[in-house]
There are 4 protein chains.
Amino acid sequence: MSSESPVDHGLLSPVTAGHDDLVSDRAVLVALVEAEVALVRAYGDVGLAPQTAVDAASRLDPHAVDAAALAGAAVVGGNPVIPLVGTLKQALPEDARAWLHRGATSQDILDTALMIVAARAVIRVRSSLVQTAEALRRFAASHRDDVVAARTLTQHAVPTTMGLRATTWIRAIDRALGRLDALELPAQLGGAGGTLASFVEITGSSDAARDLVAAFARHAGLAAADAPWHVTRWPVTELGDALVQSVDAVGKLAADVATLGRTEIGELAEGSGGGSSAMPQKQNPVASVLIRSAALRAPGLGSTLHLAAALAADERPDGAWHAEWPTLRELLRLALGASAHAASLADGLRFDADAAARNLAATGGLVLSERLSIVLGPVLGPDAVAGIVAEVGSGAVLADAVRRALAAGDADLDVAALLDPAGYTGLAASLVDEVTTDEREEPA
Amino acid sequence: MSSESPVDHGLLSPVTAGHDDLVSDRAVLVALVEAEVALVRAYGDVGLAPQTAVDAASRLDPHAVDAAALAGAAVVGGNPVIPLVGTLKQALPEDARAWLHRGATSQDILDTALMIVAARAVIRVRSSLVQTAEALRRFAASHRDDVVAARTLTQHAVPTTMGLRATTWIRAIDRALGRLDALELPAQLGGAGGTLASFVEITGSSDAARDLVAAFARHAGLAAADAPWHVTRWPVTELGDALVQSVDAVGKLAADVATLGRTEIGELAEGSGGGSSAMPQKQNPVASVLIRSAALRAPGLGSTLHLAAALAADERPDGAWHAEWPTLRELLRLALGASAHAASLADGLRFDADAAARNLAATGGLVLSERLSIVLGPVLGPDAVAGIVAEVGSGAVLADAVRRALAAGDADLDVAALLDPAGYTGLAASLVDEVTTDEREEPA
Amino acid sequence: MSSESPVDHGLLSPVTAGHDDLVSDRAVLVALVEAEVALVRAYGDVGLAPQTAVDAASRLDPHAVDAAALAGAAVVGGNPVIPLVGTLKQALPEDARAWLHRGATSQDILDTALMIVAARAVIRVRSSLVQTAEALRRFAASHRDDVVAARTLTQHAVPTTMGLRATTWIRAIDRALGRLDALELPAQLGGAGGTLASFVEITGSSDAARDLVAAFARHAGLAAADAPWHVTRWPVTELGDALVQSVDAVGKLAADVATLGRTEIGELAEGSGGGSSAMPQKQNPVASVLIRSAALRAPGLGSTLHLAAALAADERPDGAWHAEWPTLRELLRLALGASAHAASLADGLRFDADAAARNLAATGGLVLSERLSIVLGPVLGPDAVAGIVAEVGSGAVLADAVRRALAAGDADLDVAALLDPAGYTGLAASLVDEVTTDEREEPA
Amino acid sequence: MSSESPVDHGLLSPVTAGHDDLVSDRAVLVALVEAEVALVRAYGDVGLAPQTAVDAASRLDPHAVDAAALAGAAVVGGNPVIPLVGTLKQALPEDARAWLHRGATSQDILDTALMIVAARAVIRVRSSLVQTAEALRRFAASHRDDVVAARTLTQHAVPTTMGLRATTWIRAIDRALGRLDALELPAQLGGAGGTLASFVEITGSSDAARDLVAAFARHAGLAAADAPWHVTRWPVTELGDALVQSVDAVGKLAADVATLGRTEIGELAEGSGGGSSAMPQKQNPVASVLIRSAALRAPGLGSTLHLAAALAADERPDGAWHAEWPTLRELLRLALGASAHAASLADGLRFDADAAARNLAATGGLVLSERLSIVLGPVLGPDAVAGIVAEVGSGAVLADAVRRALAAGDADLDVAALLDPAGYTGLAASLVDEVTTDEREEPA
């Protein structure tokens with residue numbers, strides 16, 4: 001492992017490539033150093049560390065640390081904090097060294113650093129989802145009344161609108177945003193066994209130890225935890241759940257765009273499709289494909305985080321904690337990449353009204369057969385409706401068949417209105433309006 | 001498939017056997033009928049269905065339906081609602097039949113029924129978790145100051161208290177309770193394509209259709225959804241996440257009890273261990289083992305729910321929706337079983353103070369080596385502390401080694417106090433008090 | 001838990017309902033009794049158990065045991081074998097009782113019973129897959145030369161044939177059959193700690209104990225294991241992997257049928273589609289949908305089996321073993337149901353040649369653009385080919401554009417042949433022939 | 001994404017750091033180029049590409065390609081092959097360019113490259129597992145007759161031997177080796193739709209196209225596939241299954257070492273434990289912890305591969321294929337890292353005979369209670385045995401209690417021999433011998 005041969009540039013992960021600077025090893029290393037520095041500053045705040053030590057620690061440069069070398073050195077002790085502390089101490093003046101990592105355990109620093117990384121990544125995921133939802137709101141408003149076929153179990157069912165379909169995407173994204181907004185990402189400071197005994201010993205009192213914890217969280221830019229969460233891993237699983245839910249939301253969008261953009265359907269298209277190495281005519285729905293690749297992978301990663309939480313035995317478990325780190329990071333990566341692609345997908349999404357109309361007509365009007373049952377059933381009886389459906393199945397024109405049945409039943413109705421799909425979209429328009437005019441407020 | 005050969009009594013699932021009446025096929029069938037009845041009542045509320053139809057529907061007896069036969073009949077159409085509607089209509093007077101399932105699609109009824117089932121199951125899971133947490137609060141208070149070894153990566157690390165360890169269980173359970181309390185379990189009523197067009201057609205207006213939706217949710221005893229969530233599956237995944245988090249929480253408890261009850265450790269024991277078919281002396285930690293079996297299974301089920309959400313293409317997907325039903329039910333079952341076992345485990349949990357003391361002494365006092373570093377390091381230098389640790393590793397008595405080192409360093413200290421593990425438990429006591437005196441309030 | 005309220009008839013699992021008699025609790029109970037009887041018979045074989053005991057054991061009737069009651073009783077000890085032994089002893093004459101379960105541990109019986117159940121289920125899964133593959137061979141042969149559009153990333157790519165597409169299904173199924181055929185399903189007999197000490201003690205010699213193990217496997221109808229596999233769980237994970245692979249194979253088939261049967265595509269249809277509760281015109285691809293629901297669930301179950309294998313600590317683990325039972329059974333159930341539905345799906349599968357031709361023409365011939373690049377590129381240069389593609393994109397007729405380009409380039413070619421999709425299907429026909437004439441032999 | 005900020009050095013994955021050079025992005029890039037070169041060489045073999053083109057292609061230097069830049073460029077088209085072809089063409093003389101990637105599709109190259117990468121990684125995983133098994137054979141032979149307590153559900157059950165326990169590890173590893181040896185890792189060459197039409201067109205005949213396929217596989221150093229497996233993904237899932245099984249096997253080893261090395265148990269220790277950042281006395285079982293972190297992660301990754309196989313719709317699916325790449329690579333990485341750590345763990349594994357003896361005595365001899373039942377039961381009756389167990393539970397010495405019971409029952413027995421755990425280890429010794437003398441042969 002040398003800095004010349006990094007493991008992974010994202011070559012096999014186009015959905016995340018270019019969207020992972022916030023969660024790269026470099027970003028983790030920066031956060032690890034920030035966590036160590038936050039502790040020194042906290043010691044300064046409680047009046048223990050001298051200002052010179054605080055200043056020296058604050059000047060520590062994470063970019064001076066060789067991440068690849070650190071990764072290699074992390075193997076011996078099983079985590080990167082142990083060698084990092086040694087490296088950072090070398091970079092400090094001798095009288096400041098004692099305050100670095102003082103009283104802390106590796107888990108304090110690593111958990112806190114991962115929360116710092118997560119907090120930054122979540123802000124960007126959130127931003128991409130907000131952009132996605134905004135673009136989709138515009139799209140939904142534009143296509144509020146464009147009638148399309150609703151499809152269930154792959155088959156045309158009844159009419160709906162493009163606007164309403166888009167609201168299913170928006171509502172899922174808004175809900176995921178709510179989960180991201182509600183996350184608590186706490187700092188971790190518990191010492192070797194979660195008792196904070198080292199901090200009480202060092203600071204000389206329980207109150208000072210508590211002040212230290214609060215100052216540490218503040219300097220780390222994170223929430224202060226009620227108690228150490230070293231083996232109470234909801235901060236990780238709730239984060240994981242919210243990330244998976246975010247990817248689910250854009251996964252649903254991508255599934256619809258990929259499906260409705262099939263050559264035969266063509267109702268939707270990405271703004272810029274990807275090319276093919278062999279077939280010049282193809283415009284592949286690349287963003288959808290990439291988002292879907294993330295959506296297929298994310299749930300399994302979330303599952304591993306839950307498993308690790310359930311297996312968090314003792315005061316630090318023998319493997320479960322270590323399984324979390326790369327898993328959480330990969331999940332952050334997928335959420336970053338998938339949401340970024342979703343934002344550009346949503347921005348460029350194109351609706352083909354002609355294709356939609358052609359598709360809507362594909363069943364010869366039988367997409368309205370539910371309406372026929374409701375309207376004509378009471379007038380003509382269910383058998384007559386079944387007869388109409390059968391006739392159309394055999395090639396008859398629906399309007400003619402309806403008119404014949406009405407005549408036979410001695411009934412009268414505005415057949416053109418009855419058979420207008422736009423007249424059978426229920427609350428679609430108002431369900432769109434609720435979403436498109438409901439401006440999402442930014443949290444303070 | 002006949003009623004003589006039910007598929008599953010729970011023979012292979014002792015963790016759930018006896019705790020699944022709320023989610024059995026019978027319970028699902030009851031909820032399916034309740035959902036259908038709720039719709040008829042809603043039609044009554046909006047002034048459409050005559051009171052006679054409402055009354056007739058209200059008298060429908062789900063127990064008169066043969067669940068096994070229905071399961072068989074469900075295969076043809078792919079879901080049990082289609083044959084159920086036929087069966088229920090037979091049980092209604094002719095003039096009431098038209099109001100049954102009117103305008104609804106199978107998904108409306110099945111999703112609503114699963115939410116009804118889930119709501120009931122969640123109440124019981126919640127109750128079991130509250131019981132578990134209450135028993136653990138008593139346990140934590142009782143053992144607030146019982147000093148034990150904190151273990152990290154399987155090795156003794158520093159002292160902690162049994163009380164503090166118990167708070168890690170309690171905090172995880174409390175957090176899971178918060179997730180359960182925050183769940184929204186909405187009714188589903190969207191019609192064939194999620195537009196509610198059928199309900200607008202039948203009721204004659206958008207306003208009446210909206211009233212119908214609200215009345216339906218009310219009669220189903222569920223929250224009213226902002227919009228149909230037929231392909232916006234957060235109600236399912238958020239439920240799943242909260243259930244998995246609940247199982248994680250008791251899984252962590254079980255992992256600790258199983259580990260700390262090992263023959264050589266013996267710090268904890270279940271109130272009543274299970275026997276063995278071959279070894280009369282054994283008292284197996286059966287509750288812990290069963291809870292752990294659930295904790296290993298739950299994350300994968302939660303993952304499948306997320307996958308189904310991400311693949312919810314179209315207005316009803318071609319498999320993803322169907323994958324949810326048994327998965328969600330099994331997850332409810334695991335949460336019911338695991339939480340019930342946790343409640344009895346917590347209630348009977350026994351702490352063996354002698355074993356704890358014996359264990360704490362196992363390292364000859366080196367469980368305090370961190371404290372030695374902190375206290376003696378500045379006085380005698382780090383080399384002297386390492387020397388003490390090495391001496392003890394070679395068989396010396398710690399107190400003697402410390403006294404020798406202090407003498408050599410011309411320093412003085414209360415060695416007995418320094419080496420008392422009870423003096424190095426940091427904030428443990430107050431962290432226990434915060435949890436044991438923080439009475440959890442029942443939601444209104 | 002009483003026999004009046006069984007947990008599960010399959011109401012929420014239409015993909016498995018009616019296909020699970022071989023893995024029902026009743027079937028498990030039968031196998032548990034068979035395993036116990038096999039041990040008594042083995043004791044007879046090695047000359048220890050008197051014939052009267054063997055005969056009495058052989059008359060034990062599993063149907064006389066109340067499965068629901070047993071499920072309830074299983075909770076105390078954590079597995080159903082402990083109460084079952086008690087129940088069965090009651091049914092034996094006193095002098096035979098000593099030989100029942102003699103020297104065995106619960107795991108011996110439960111693991112063996114699950115292998116018995118699995119062996120039977122695998123035979124049926126195998127049979128369903130063989131039926132599926134045979135029907136698909138007929139289908140592939142029938143449609144050997146029917147040209148269709150190959151689709152990549154949802155877009156038309158190049159021509160292929162319906163026959164060749166069907167071979168991708170067949171090859172996956174054949175491969176899964178190979179995995180099922182190669183499975184080893186061994187009996188388990190190791191005693192309490194896997195040493196067979198009890199059997200050596202009872203039989204009086206190592207040789208007799210080994211004979212007992214061999215006789216036990218023989219009477220159980222299973223392979224004899226090299227050694228106890230109580231915590232070497234490859235028999236379970238390899239079985240799980242083969243089952244998941246089987247479900248994957250039919251899942252791919254179902255994915256294609258569902259996709260290609262979409263209203264706008266219509267190339268494929270199930271022989272008998274399912275109805276809808278609201279829309280009389282719909283013919284849903286119910287078999288495909290149900291198979292897909294299994295395919296989405298199976299991988300997670302397989303994953304849980306691997307996890308249990310990796311966590312099989314000690315000589316019997318504290319939860320991992322218990323997590324296997326319901327997981328393995330559900331996976332067997334999914335394989336049984338999915339393969340049975342696949343067999344009927346394959347049998348009734350219909351190809352719509354008109355729809356296929358209409359689809360193939362959807363790109364105005366650009367489905368052949370790769371061929372144009374290969375054939376015309378060297379003659380006219382790549383820019384000319386791009387020009388043709390662009391012209392067709394703007395509405396020109398492909399043959400005209402090609403002819404114009406050839407004329408401009410002063411070149412000559414049989415344009416009709418060039419633009420015939422049937423002329424650009426490569427090895428499709430022979431790849432079909434290899435599969436359709438390669439009769440799969442039944443294992444002896 | 002620049003070459004200055006690689007995504008991942010392994011900082012968060014100590015189990016794999018330093019063991020992933022064979023699967024790094026650089027290694028993938030090398031394999032991608034090898035796959036492209038193999039195709040040019042294959043064209044040379046069938047007499048089409050001129051030797052100058054073959055030579056020029058053979059000189060292509062993958063190290064001249066900027067992997068990070070390629071990763072960035074891969075996003076547009078959704079895979080790295082498209083931009084790679086462009087880059088490589090620039091590096092070729094003009095007359096050789098036409099032969100690069102000729103007739104191929106991205107999937108041909110990427111699938112083949114991943115199989116090349118996998119083949120190399122599997123050889124190393126295999127080698128590490130062979131080393132692990134060899135070291136464990138020596139360990140098992142050394143400790144063939146060292147009696148230890150067998151533990152079931154965390155409790156002492158009966159005696160076993162350290163040697164026999166080690167054979168459970170060896171058998172699992174040997175089985176995994178068998179699966180790795182049986183893998184088929186085929187090259188992929190099917191062209192855009194899996195028909196090989198482009199190759200037939202280019203080579204002018206079906207036979208030549210087949211020759212090309214064979215030559216391609218040969219030059220890629222892989223097996224030749226019966227047919228394109230573009231959407232028949234068993235090569236990926238079988239590989240994944242075998243890798244997960246490999247990780248399971250070492251996971252079981254690690255679980256036992258971590259458990260039996262707990263401070264209170266101390267039967268096993270790693271050769272060199274890892275240090276702690278805070279507690280100088282600790283010797284953490286780092287290799288076991290790291291291996292376990294891999295074992296918790298691998299099953300979920302295998303599951304994602306199966307899911308992708310089941311969702312491989314069309315002739316190339318819209319996301320499922322893309323989900324495979326990083327998943328398979330991460331699984332290879334875990335198998336490489338976990339097996340390498342297992343080899344060193346096995347090599348340094350230490351058994352503490354004193355601790356084992358102390359543990360074995362922990363139940364006051366009741367670890368032999370099964371034997372008492374078998375031997376004394378028939379002589380004294382089951383109640384007498386229960387009485388002995390109860391007496392010992394209340395503090396009596398077992399030998400005394402047995403002697404008293406024998407006297408009361410007027411029976412005689414060699415009590416010392418009866419109570420010697422070494423006399424109750426059944427077939428342990430011969431089960432060890434079978435494994436330790438069964439030299440595994442290297443495949444030719």
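Because the structure is predicted, anything quoted here is derived from the model rather than measured.

Engineer: It is not clear to me how the overall build of chain A should be interpreted in this structure. Could you clarify?
Structural biologist: The helix and strand tally for chain A stands at 18 helices and four strands. Scaling as 2.2 N^0.38, a compact globule of 444 residues should have a C-alpha radius of gyration of about 22 Å, whereas chain A reaches 29 Å, well beyond that. Here chain A, with 444 residues, has 68% of them falling under the buried criterion. Long-range pairs, those at least 24 residues apart, make up 77% of the contacts in chain A between residues at least 6 apart in sequence.

Engineer: Explain the layout of surface pockets here, please?
Structural biologist: Here the idea is plain: a probe the size of a water molecule rolls over the atoms and shows the empty space left. Within this model, the largest pocket holds a volume of roughly 1,000 Å³. Lining the largest pocket are 39 residues, and of these A:Gly261, A:Arg262, A:Thr263, A:Gly266 and C:Gln155 lie nearest its centre. Sorting the residues of the lining of the largest pocket by element identifies α10 (234-260), β3 (268-269), β4 (350-351) and α13 (353-360) of chain A together with β2 (155-161), α13 (353-360) and α15 (382-393) of chain C as the ones contributing at least two each. Partitioned by chemical class, the residues of the lining of the largest pocket number 14 nonpolar, 16 polar and nine charged.

Engineer: I tried to follow the relation of the copies chain A and chain B on my own but got confused; where do I start?
Structural biologist: Two copies of one chain are present, and they are related through a rotation about an axis combined with an axial shift. Least-squares fitting of chain A to chain B yields an RMSD of 0.0 Å, with the transformation described by 0.0 Å of translation along the axis and a rotation of 180°. Both copies are brought into coincidence by an operation consistent with a two-fold rotation axis. No C-alpha of chain A lies nearer the rotation axis than that of A:Ser303, which sits 2.8 Å from it.

Engineer: Looking at this structure, how should I read the domain arrangement of chain A?
Structural biologist: A common measure of how large an interface is: the accessible area buried when the components associate. Residue and element names in this part refer to chain A. Domain annotation of chain A identifies domain 1 (21-356) and domain 2 (362-441). Here the C-alpha centroids of domain 1 and domain 2 sit 48 Å apart. Listed by partner, the interface residues are 22 residues for domain 1 and 19 residues for domain 2. Taking both partners together, domain 1 and domain 2 bury about 1,700 Å²; carbon and sulfur atoms supply 66% of that area. Run the count over domain 1 and domain 2 and you get two salt bridges. Where aspartate 433 meets arginine 144, a salt bridge forms, and the shortest distance between an N and an O atom there is 2.7 Å. Inspection of the region where domain 1 meets domain 2 yields three residue pairs in polar contact (both at pLDDT 80 or more).

Engineer: Would you mind going over the side chain of C:His306 with me for this structure?
Structural biologist: Counting through the fold element by element, C:His306 comes out in helix α11 (residues 286-310). For C:His306, the side chain forms a polar contact with the side chain of C:Asp241, separated by 2.7 Å. Within the local environment of C:His306, its side chain forms a polar contact with the side chain of D:Asp248, the two groups lying 2.5 Å apart. Every residue in contact with C:His306, bar those within four places of it in the chain, is listed here: C:Thr237, C:Asp241, D:Asp241, D:Val244, D:Gln245, D:Asp248 and D:Pro299.

Engineer: What is the right way to look at the interface of chain C and chain A in this model?
Structural biologist: On the chain A side, the residues contacting the 35 residues of chain C number 35 residues. Two residues, C:Glu264 and A:Arg151, come together in a salt bridge whose shortest N-O distance is 2.6 Å. Our count for the contact surface shared by chain C and chain A stands at eight residue pairs in polar contact (both at pLDDT 80 or more). Secondary structure elements with two or more residues in the side of chain C that touches chain A: β1 (147-152), β2, α10 (234-260), α11 and α14 (369-380) of chain C. Per element, the largest residue contribution to the side of chain C that touches chain A is four residues, and it comes from β2(C).

Engineer: For this particular structure, what's the right way to read helix α6 (residues 106-142) of chain A?
Structural biologist: Given 3.6 residues per helical turn, the α-helix brings residues three or four places apart onto the same face. In this model α6(A) runs 53 Å from its N-terminal to its C-terminal C-alpha over 37 residues, within 8% of the 54 Å that 1.5 Å per residue would give. Counting buried positions over the 37 residues of α6(A) gives 27, a clear majority of the element.

Engineer: Would you mind going over the relation of the copies chain C and chain A with me for this structure?
Structural biologist: Between chain C and chain A, the superposition needs a rotation of 180° and an axial shift of 0.0 Å, giving an RMSD of 0.1 Å. Here 100% of the interface residues in chain C have copies in chain A that are interface residues too; the copies meet face to matching face.

Engineer: Help me understand the packing of helix α6 (residues 106-142) of chain B against helix α7 (residues 162-181) of chain B, please; the structure alone is not making it clear to me.
Structural biologist: Two quantities define a packed helix pair, namely the angle between the axes and the distance from one axis to the other. Residue and element names in this part refer to chain B. At their nearest, the axes of α6 and α7 sit 9 Å apart, and the two run at 160° to each other. The angle between α6 and α7 places the two elements in the roughly antiparallel class. In this structure, α6 crosses over α7, and the sense of that crossing is left-handed. Contact with α6, carried on its side by Val122, Val125, Arg126, Leu129, Val130, Thr132, Ala133, Leu136, Arg137, Phe139 and Ala140, involves Met162, Gly163, Ala166, Trp169, Ile170, Ile173, Asp174, Ala176, Leu177, Leu180 and Asp181 of α7 and no other residues of that element.

Engineer: Mind showing me how you'd approach the interface of chain A and chain B here?
Structural biologist: If you look at the interface, chain A gives 82 residues, while chain B gives 82 residues. Buried area between chain A and chain B, both sides added, is near 6,700 Å², and the carbon and sulfur share of it is 58%. Our enumeration of links across chain A and chain B arrives at 14 salt bridges. B:Arg179 is the partner of A:Glu238 in a salt bridge, and the nearest nitrogen-oxygen pair spans 3.6 Å. Here chain A and chain B share 40 residue pairs in polar contact (both at pLDDT 80 or more) between them.

Engineer: Would you mind going over the packing of aromatic side chains with me for this structure?
Structural biologist: Aromatic ring pairs are reported here in terms of the distance separating the ring centres and the angle at which the planes meet. For the coordinates displayed, the defined rule picks out twelve aromatic pairs over all chains. Summarising the aromatic geometry, the rings of D:Trp321 and D:Trp325 are spaced 4.8 Å apart at their centres and angled 80° between planes, so their arrangement reads as edge-to-face. In this pair, D:Trp321 and D:Trp325 both sit in helix α12 (residues 320-348), four residues apart, roughly one turn of the helix. What makes D:Trp321 buried here is its relative accessible area of 2%. Directly above the ring of B:Trp321 sits B:Arg316, whose terminal nitrogen or CZ lies 5.6 Å from the centroid.

Engineer: Help me understand helix α7 (residues 162-182) of chain A in this model?
Structural biologist: The terminal C-alpha atoms of α7(A) lie 31 Å apart, and with 21 residues this matches the ideal 30 Å at 1.5 Å per residue to within 8%. The buried count for α7(A) comes to 18 of 21 residues, which makes it a mostly enclosed element.

Engineer: Before we go on, may I ask you to explain the pattern of salt bridges in this structure?
Structural biologist: Opposite charge on two side chains permits them to pair, given that their charged atoms come into close proximity. Residues and elements named next belong to chain A. On inspection of all chains with the given rule, the structure shows 121 salt bridges over all chains. Residue aspartate 111 pairs with arginine 233 through a salt bridge whose shortest N-O separation is 2.8 Å. Pair noted here: aspartate 111 is in helix α6 and arginine 233 is in the loop between α9 (206-220) and α10, with a separation of 122 residues, a long-range link. Across the salt bridge formed by arginine 171 and glutamate 434, the nearest N and O atoms sit 3.7 Å from each other. Here arginine 171 is found in helix α7, whereas its partner glutamate 434 is found in helix α18 (residues 428-436), with 263 residues between them in sequence.

Engineer: Looking at this model, I keep getting lost on the environment of D:Asp410. Mind explaining?
Structural biologist: Topologically, D:Asp410 is positioned in the loop between α16 (398-408) and α17 (415-418). Between the alpha carbons of D:Asp410 and D:Ala386 there is a distance of 18 Å; along the sequence they are 24 residues apart.

Engineer: How should I be thinking about the confidence of the model for chain A in this particular structure?
Structural biologist: Detailed reading of the predicted model is not advised wherever pLDDT is low. Confidence in the prediction for chain A averages 94 pLDDT; 95% of positions are at 70 or higher. Both confidence scores are given for the complex: pTM 0.97, ipTM 0.96.

Engineer: How should the environment of D:Ala249 be read in this particular structure?
Structural biologist: Residues and elements named next belong to chain D. As for its position among the elements, alanine 249 is in helix α10 (residues 234-260). The exposure class of alanine 249 is buried, given its relative accessible area of 3%. For the pair formed by alanine 249 and aspartate 174, sequence separation is 75 residues and the distance between their alpha carbons is 8.9 Å. For alanine 249, the contacting residues outside a window of four places in its chain are Ala172, Ile173 and Ala176.

Engineer: Is there a simple way to explain the pairing of β2(C) in this structure?
Structural biologist: Across a regular strand the side chains alternate sides, sitting on one face of the sheet and then on the other. All names here are of chain C. Across the seven residues of β2, seven count as buried, placing the element largely inside the fold. For β1 and β2, the ladder comprises five bridges, and the chain directions are antiparallel. The residue of β2 that forms the bridge with valine 148 is threonine 160. Here β1 hands over to β2 after two residues, with leucine 153 in that stretch at a positive phi of 50°.

Quick notes on the rules
Residues numbered from 1 in each chain as written. Chains lettered and ligands numbered in written order. Predicted model: local features only at pLDDT ≥ 70, side-chain atom pairs only at ≥ 80, totals over all residues. Heavy atoms only, no water. Helix = DSSP H or I, 4+ residues; strand = E, 2+ residues; numbered from the N terminus. Rg over C-alpha atoms; globule rule 2.2 N^0.38 Å. Buried < 20%, exposed > 50% of the residue type's maximum accessible area, 1.4 Å probe, protein only. Contact = heavy atoms within 4.5 Å. 1 Å grid on protein atoms, 1.4 Å probe; cavity = no way out; pocket = protein on both sides within 12 Å on 5 of 7 lines; lining within 4 Å. Points joined across faces, edges and corners; volume = space filled by probe spheres on them. Nonpolar A, V, L, I, M, F, W, Y, C, P; charged D, E, K, R; others polar. Least-squares fit on C-alpha atoms with pLDDT ≥ 70 in both. Domains from an automatic or database assignment. Buried area = accessible area lost by both parts, 1.4 Å probe. Salt bridge = Lys/Arg side-chain N within 4 Å of Asp/Glu carboxyl O. Polar contact = N/O pair within 3.5 Å; in protein donor to acceptor, adjacent residues only side chain to side chain. Expected span 1.5 Å × (residues − 1). Axes fitted to C-alpha atoms, helices over the stretch in contact; angles between N-to-C directions. Parallel < 35°, antiparallel > 145°, perpendicular 65-115°, else oblique. Left-handed = near helix turned anticlockwise from the far one by under 90°. Phe/Tyr/Trp six-rings, centres within 6.5 Å; stacked < 30°, edge-to-face > 60°. Lys NZ or Arg CZ within 6 Å of the ring centre and 35° of its normal. pLDDT = per-residue confidence, 0-100. Pairing = 2+ DSSP bridges.

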